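Read off the chains here:
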Amino acid sequence: MTDNRFFNRSELIGILLLAIFLVLVLPLTLDVFRLNLVAKYLTYAFVALGLVVCWGYGGILSLGQGVFFGLGGYCMAMFLKLEASSPENTKIQSTPGIPDFMDWNQITSLPLFWKPFHSLTFTIAAIILVPGIFALIIGTAMFKRRVGGTYFAIITQAVAAILTILIVGQQGYTGGINGMTDLRTLKGWDIRPDHAKIVLYFFEVGCLFVCIMIAQFVRHSKLGRILVAMREKEDRVRFSGYSVANFKIFAFCVAAVFAAIGGAMFALNVGFMSPSFVGIVPSIEMVIYTAVGGRLSILGAVYGTLLVNFAKTSLSESFPELWLFGLGGLFIAVVLAFPNGLAGIWGDYVQPRIDRLISSRKPKPEGWTDSSVADGAPAE
């Protein structure tokens, strides 16, 4: 029998614990620097949520989510960079009023495609629409031709590599390998002080919970059930009259938009954006976050992202040469021993014990008999 509840008891406990952890525990126990690190980690949690919808439910493994993370991040960075490049702030340049990297590359006027990013409204729309349309184009080109599985994963890697090369090569328009730095204000509000970092952290947590609710809605809707059926028996879904390609395109676009929101929050919280977050390696790391948390679990993806990034920070501070080996070993261990990640460990080992403990403490109803009588043994 299908459980149609939006949250079951275990999920409700999990989301309440996550809310307490993010909203109360971390802000009260961490200094601003460490809290800003957590904000950086949470930007990747948006990507992991999208991968749960795309990979976990739809069975579409994308190894190029860094592309959409980067597109969202660059859209936000363009707005912030234009605000930081006012004529007053850039009066020492040869051409005041344009970003510094354009001036260094002898560009004398703002490119046409940059001009709409003077508007915050346009920027917010672009963060959603640009990655969504790009994912729609890729998805339509691939899924309508029934390209999937390993081939699709390789193609998304190729797209990530191409975009990285394009960003680095067009240095005068994108900032090149250095990216866009010195992002200072949002509509005149300085985003660099400690109090601004705290406000941005809580805003990001709020956006994350909105995305969790959206992913949960997709999961419990008819669409989510079709995605799971498509993952298990694609041909059977197709023969039932559903357009498998359209459902795959939808899941891929949702994952792209989630990743783009994470990229935009990254640019706001960290204060820069560079092509190092767009390529193949960061895209694979994002898949690892999802695998460690559990690709079938919405909350597991968030916890997995926090755990892996915390381990990455801790190990890279102490053993910088060994971190990549540790990351690879962690992924192999998860795949071999715990294919459903942290969520699988919770569901298989922890939750059953909690349920037994709760049931054992419930008062026995009047007339309750022991198991031997209940199983049919003769009662005296």
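Structural notes, computed from the coordinates. Source: prediction; values computed, not measured. (Residues numbered from 1 in each chain as written. Predicted model: local features only at pLDDT ≥ 70, side-chain atom pairs only at ≥ 80, totals over all residues. Heavy atoms only, no water.)

**Brief notes about the environment of G97**
1) Next: With respect to the element layout, G97 can be found in the loop between helix 3 (65–84) and helix 4 (100–104).
2) Next: What makes G97 partly exposed here is its relative accessible area of 25%.
3) Next: For the pair formed by G97 and E83, sequence separation is 14 residues and the distance between their alpha carbons is 9.4 Å. (Helix = DSSP H or I, 4+ residues; strand = E, 2+ residues; numbered from the N terminus. Buried < 20%, exposed > 50% of the residue type's maximum accessible area, 1.4 Å probe, protein only.)

**Brief notes about the nonpolar core**
1) Next: Of all hydrophobic cores here, the largest spans 112 residues; its most connected members are L22, Y201, L208 and I212.
2) Next: Here this core takes 20 residues from helix 11 (residues 244–270), the largest share from any one element.
3) Next: Non-local contacts of I212, meaning those with residues more than four positions away in its chain, are made with I15, L18, L49, I298, L299 and V302. (Core = buried A, V, L, I, M, F, W, Y, C linked by side-chain atoms within 4.5 Å. Contact = heavy atoms within 4.5 Å.)

**Description of the packing of helix 3 against helix 11**
1) Next: Packing of helix 3 against helix 11 brings their axes to within 6 Å, and their N-to-C directions diverge by 40°. As judged from the angle between their axes, helix 3 and helix 11 are oblique. The hand of the helix 3/helix 11 crossing is right-handed. Counted together, Q65, F68, F69, G72, G73, M76, A77 and L80 of helix 3 and F252, A255, A256, A259, A260, G262, G263, A264, F266, A267 and L268 of helix 11 form the full contact between these two elements.
2) Next: Class assignment of the residues belonging to the contact of helix 3 with helix 11 gives a composition of 14 nonpolar, five polar and no charged. (Axes fitted to C-alpha atoms, helices over the stretch in contact; angles between N-to-C directions. Parallel < 35°, antiparallel > 145°, perpendicular 65-115°, else oblique. Left-handed = near helix turned anticlockwise from the far one by under 90°. Nonpolar A, V, L, I, M, F, W, Y, C, P; charged D, E, K, R; others polar.)

**Comments concerning the packing of aromatic side chains**
Given two aromatic rings, their pairing is described by the distance between the two centres and the angle made by the two planes.
1) Next: For the coordinates displayed, the defined rule picks out 17 aromatic pairs.
2) Next: Between the aromatic rings of F266 and F272, the centroid separation amounts to 6.0 Å while the plane-to-plane angle is 75°, which identifies the pairing as edge-to-face.
3) Next: Its relative accessible area of 0% is what places F266 among the buried residues.
4) Next: A connected cluster of aromatic rings, assembled from ring pairs, spans Y44, F69, F266, F272, F277 and Y289. (Phe/Tyr/Trp six-rings, centres within 6.5 Å; stacked < 30°, edge-to-face > 60°.)

**Points about the side chain of N269**
1) Next: Turning to its location among the elements, N269 is positioned in helix 11.
2) Next: Look at N269 and you get buried, because its relative accessible area is 0%.
3) Next: At a separation of 3.0 Å, a polar atom in the side chain of N269 contacts the side chain of E204.
4) Next: Apart from the residues within four sequence positions on either side, N269 is in contact with N36, A39, K197, L200, Y201 and E204. (Polar contact = N/O pair within 3.5 Å; in protein donor to acceptor, adjacent residues only side chain to side chain.)

**Things to note about a nonpolar patch on the surface**
1) Next: Taken together, the side chains of I20, F21, V23, L24, V25, L28, I198 and F202 present a nonpolar region at the surface, about 670 Å² in accessible area.
2) Next: Of all elements in the fold, only helix 1 (9–29) and helix 8 (194–220) reach the threshold of two or more residues within the nonpolar patch.
3) Next: Among the elements that make up the nonpolar patch, the one with the highest residue count is helix 1 (six residues).
4) Next: Here L28 lies in helix 1.
5) Next: Given the relative accessible area of 73%, L28 is considered exposed. (Patch = residues over 30% accessible without salt bridge, like charges linked within 9 Å, V, L, I, M, F, W, Y side chains within 5 Å. Areas by Shrake-Rupley, 256 points an atom, 1.4 Å probe, with all protein chains shown as cover. Salt bridge = Lys/Arg side-chain N within 4 Å of Asp/Glu carboxyl O.)

**What to know about helix 6 (residues 149–169)**
1) Next: With 21 residues, helix 6 should cover 30 Å at 1.5 Å per step; its first-to-last C-alpha distance of 31 Å lies within 8% of that length.
2) Next: Of the positions making up helix 6, those classed as buried are F152, A153, T156, Q157, V159, A160, L163, T164 and I167. Take helix 6 and look down its axis: the buried residues cluster within an arc of 155°, on one side only. Facing away from the buried side of helix 6 by more than 90 degrees, the exposed set consists of T150, Y151, I162, I165 and G169.
3) Next: Of the surrounding elements, those touching the buried residues of helix 6 are helix 3, helix 5 (120–143), helix 7 (171–174), helix 11 and helix 12 (280–293). (Expected span 1.5 Å × (residues − 1). Arc of directions from axis to C-beta.)

**Here we look at the pattern of salt bridges**
1) Next: What the rule picks out here adds up to eight salt bridges.
2) Next: One salt bridge connects E234 with K248, and the closest N-O pair in it is separated by 3.0 Å. Residue E234 is found in helix 10 (residues 234–239), and its partner K248 is found in helix 11; the two are separated by 14 residues along the sequence.
3) Next: Where E285 meets K312, a salt bridge forms, and the shortest distance between an N and an O atom there is 3.2 Å. Of the two residues, E285 sits in helix 12 while K312 sits in helix 13 (residues 298–318), which places them 27 residues apart along the sequence.
4) Next: Beyond isolated ion pairs, a larger network of salt bridges with shared partners links E234, D235, R238 and K248.

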